[in-house]
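# Coordinate analysis (summary)
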Amino acid sequence: MSEHNKLSGAAKASYGLGAVGKDMVYMLSASYVLYYFQDILGVSAAAMGVILMVARVFDAFNDPIMGAIVAKTKTRFGKFRPWLLIGTITNAIVLYLMFSAPPTLSGSGLVAYAAVTYILWGVTYTMMDIPYWSMIPAFTEGGKEREGLTTLARSCAGVGSAIITIITVMSVSALGHIFGGADITDRDVERIGFSYFTIVIAALFVLFTVICCINVKEKSTVDMKTASIGEMFRALIQNDQAMTVVVAIVIVNCSIYITSNLVIYFFKYDFGTVGWRGAYTLFSTFGGGIQILAMMLLYPFLRRFFTSIKIYFISMGMAIAGYISLLVLASTKMDNVYILFIPAFFIFSANGMLAVITTVFLANTVDYGELKNGRRDESVIFSMQTFVVKLASGVSAFIAALALQILQLSNDTAETATDIDYSQGVDIMQKMGLRMTMTIIPVIGILFAIFWFKKKYILNDEKIEEISAEIARRK
């Protein structure tokens, strides 16, 4: 490729900036919508569980539909950028509305508000997320440039997620105190704080996407391959190894997401102390950093000595060790957040490496499918990854919400805007139930995934080499 056609630094940076804004918004919704509606506004946890599961499953089926719409779009600005901009603006508006529920709403009206805004949020997010990732072939020319840009965007997305994880709880509290005035309840501090915090994040989201659209030019009209739901399931049925990896991804992600949905409740109602927000922020910051380092450094280091399959089992073992140590530490009278860095190291390291490994395993199943079926279902298989992650997200949100409904955790005791030790109003059975939901259920899921994978997955390094050689021979 000529120097003239190479992507400029501004284009790369702008595309990466788009990923930062996109995943800031995604993480805000994924991590805090249950907490906002259930704990702050008082919506039934069971109702929220149903809403989150139905919306995420619907969103997973909506992906291929949006892909087909984008593929058929033709404008003077290209097929991707118009949808990227439209999706971003509408999603930013819906995000603000979702975290700014009218305080006069209650009961069934509030449940309906939560359902409508969350489903609309998912639809509008898909509207911009599909063209964002699909547009890469339209302004790159393949090879290292395309791979490098994809890696950059994934890394920037991780930065966006990390920013939200680190700043949200403390920022919401600060903004709530600034704009809420004196003598209001702690619940109102968080309600007002989320509304103002969301305005800031939504504005940054729109700004970053506009910069991306201005500086990233679609060089050509490319054919966009979209996989229908039928094609996805047909590819899975005909490729037993892809089915094995997809089932493992669903089970492992469900396990991980159950914990991530409940960790804020653990710090508020179990770990306790008046400084629970600071402890939660420290824990999340450490965990997020470890997860990124595991992806970038630990996995490549271990790969020098072990096969990907062995690293997969090592990661699963680390996750189990982390969950068990978290349960043990949480069951003591320990109140030092730094001690919780021990289980955090194992759990988040495992999460980071598993994110890399499952992508590698999916790539291996593409070669296997080509040899077995004479058809290379690359786009279909990788479309399935997004589908199953959203499916797992919905199921895990339902399980977490069901646990909250049974445990009856709420902040109804809040009377003033001063910090409160919420753990004092929660009995030992509620705390133990929360701990076990966060740890034992994920361990059961991970153990199932280990046995499933060990029994079903056959694509070790030697087998992959044989398959690659046979495909090359046939060609």
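Residues numbered from 1 in each chain as written. Predicted model: local features only at pLDDT ≥ 70, side-chain atom pairs only at ≥ 80, totals over all residues. Heavy atoms only, no water.

## Some details on the overall build of the chain
Across its full length, the chain holds 15 helices and 0 strands. Counting across all 475 residues of the chain, residues that qualify as buried make up 53%. Here the analysis covers contacts within the chain between residues at least 6 apart in sequence; of these, 84% occur between residues at least 24 apart. Carbon and sulfur atoms make up 66% of the accessible area of the chain, which amounts to about 20500 Å² in all. (Helix = DSSP H or I, 4+ residues; strand = E, 2+ residues; numbered from the N terminus. Buried < 20%, exposed > 50% of the residue type's maximum accessible area, 1.4 Å probe, protein only. Contact = heavy atoms within 4.5 Å. Areas by Shrake-Rupley, 256 points an atom, 1.4 Å probe, with all protein chains shown as cover.)

## Comments concerning the pattern of salt bridges
Counted by the stated rule, this structure contains 8 salt bridges. Where lysine 268 meets aspartate 39, a salt bridge forms, and the shortest distance between an N and an O atom there is 2.6 Å. Separated by 229 residues along the polypeptide, lysine 268 in helix H9 (residues 240-271) and aspartate 39 in helix H1 (residues 9-40) bring together distant segments of the chain. Residue classification places lysine 268 among the buried positions, given a relative accessible area of 0%. Where lysine 268 meets glutamate 190, a salt bridge forms, and the shortest distance between an N and an O atom there is 3.5 Å. Taken together, the positions of lysine 268 in helix H9 and glutamate 190 in helix H7 (residues 186-215) put the pair 78 residues apart, joining distant regions of the chain. For the residue pair lysine 268 and glutamate 190, the accessibility class agrees, reading buried in each case. Overlapping salt bridges bring together Asp39, Glu190, Lys268 and Arg277 as one network. (Salt bridge = Lys/Arg side-chain N within 4 Å of Asp/Glu carboxyl O.)

## Structural notes on the environment of glycine 287
Structurally, the position occupied by glycine 287 is in helix H10 (residues 276-303). A relative accessible area of 0% places glycine 287 in the buried class. Sequence separation between glycine 287 and serine 349 is 62 residues; the distance between their C-alpha atoms is 8.1 Å.

## Section: the packing of aromatic side chains
This structure, assessed with the given rule, holds 31 aromatic pairs. Seen from their ring centres, tyrosine 35 and tyrosine 265 are 5.8 Å apart, and the 75° between their planes marks the pair as edge-to-face. Placement of tyrosine 35 in helix H1 and of tyrosine 265 in helix H9 is noted, with a sequence separation of 230 residues between them. When sorted by exposure, tyrosine 35 lands in the same class as tyrosine 265, which is buried. Ring-pair connections join several aromatic residues into one group, and the members of that group are Phe266, Phe267, Phe271, Tyr280, Phe283 and Phe348. The aromatic ring of phenylalanine 313 is capped on one face by lysine 454, whose charged end is 5.5 Å from the ring centroid. (Phe/Tyr/Trp six-rings, centres within 6.5 Å; stacked < 30°, edge-to-face > 60°. Lys NZ or Arg CZ within 6 Å of the ring centre and 35° of its normal.)

## Focus: helix H12 (residues 341-373)
Between its terminal C-alpha atoms H12 stretches 47 Å, which fits the 48 Å expected from 33 residues at 1.5 Å a residue. Count one or two residues on from H12 and you reach glycine 374, which has phi positive near 70°. (Expected span 1.5 Å × (residues − 1).)

## Some details on the environment of phenylalanine 99
Along the polypeptide, phenylalanine 99 turns up in the loop between helix H3 (81-98) and helix H4 (107-134). Taking the C-alpha atoms as reference points, phenylalanine 99 and tyrosine 118, 19 residues apart in sequence, are found 9.8 Å from one another. Not counting chain neighbours up to four residues away, the residues in contact with phenylalanine 99 comprise Leu28, Ser29, Tyr32, Val33, Tyr36, Arg191, Phe194, Ser195 and Thr198.

## Let's talk about the nonpolar core
Formed by 135 residues in total, the largest nonpolar core has its most connected members in Tyr15, Phe37, Phe267 and Tyr312. With 18 residues, H9 is the single largest residue contributor to this core. (Core = buried A, V, L, I, M, F, W, Y, C linked by side-chain atoms within 4.5 Å.)

## Notes on the side chain of threonine 198
Among the secondary structure elements, threonine 198 is positioned in helix H7. Apart from residues lying up to four places away in sequence, threonine 198 is in contact with Leu28, Leu95, Tyr96 and Phe99.

## Looking at a nonpolar patch on the surface
A grouping of Leu85, Ile89, Ile93, Tyr96, Leu97, Ile178, Phe179, Tyr196, Ile199, Val210 and Ile214 is seen on the molecular surface, where their side chains present a nonpolar patch of about 940 Å² in accessible area. When contributions to the nonpolar patch are tallied by element, the ones reaching two or more residues are H3, helix H6 (143-180) and H7. Here the element with the most residues in the nonpolar patch is H3; it accounts for 5 residues. Here isoleucine 214 lies in helix H7. (Patch = residues over 30% accessible without salt bridge, like charges linked within 9 Å, V, L, I, M, F, W, Y side chains within 5 Å.)

## Overview of the packing of H3 against H4
At a minimum axis distance of 8 Å, the contact between H3 and H4 shows a crossing angle of 155°. Considering their axes alone, H3 and H4 lie roughly antiparallel with respect to each other. In terms of crossing hand, the pair formed by H3 and H4 is left-handed. Contacts from Trp83, Leu84, Ile86, Gly87, Thr88, Thr90, Asn91, Val94, Leu95, Leu97 and Met98 in H3 reach Tyr113, Thr117, Tyr118, Leu120, Trp121, Thr124, Tyr125, Met127, Met128, Pro131 and Tyr132 in H4. Looking at the contact of H3 with H4 residue by residue, the classes come out as 16 nonpolar, 6 polar and no charged. (Axes fitted to C-alpha atoms, helices over the stretch in contact; angles between N-to-C directions. Parallel < 35°, antiparallel > 145°, perpendicular 65-115°, else oblique. Left-handed = near helix turned anticlockwise from the far one by under 90°. Nonpolar A, V, L, I, M, F, W, Y, C, P; charged D, E, K, R; others polar.)

## Remarks on the environment of asparagine 62
Topologically, asparagine 62 is positioned in helix H2 (residues 45-71). The class for asparagine 62 is buried, based on a relative accessible area of 11%.

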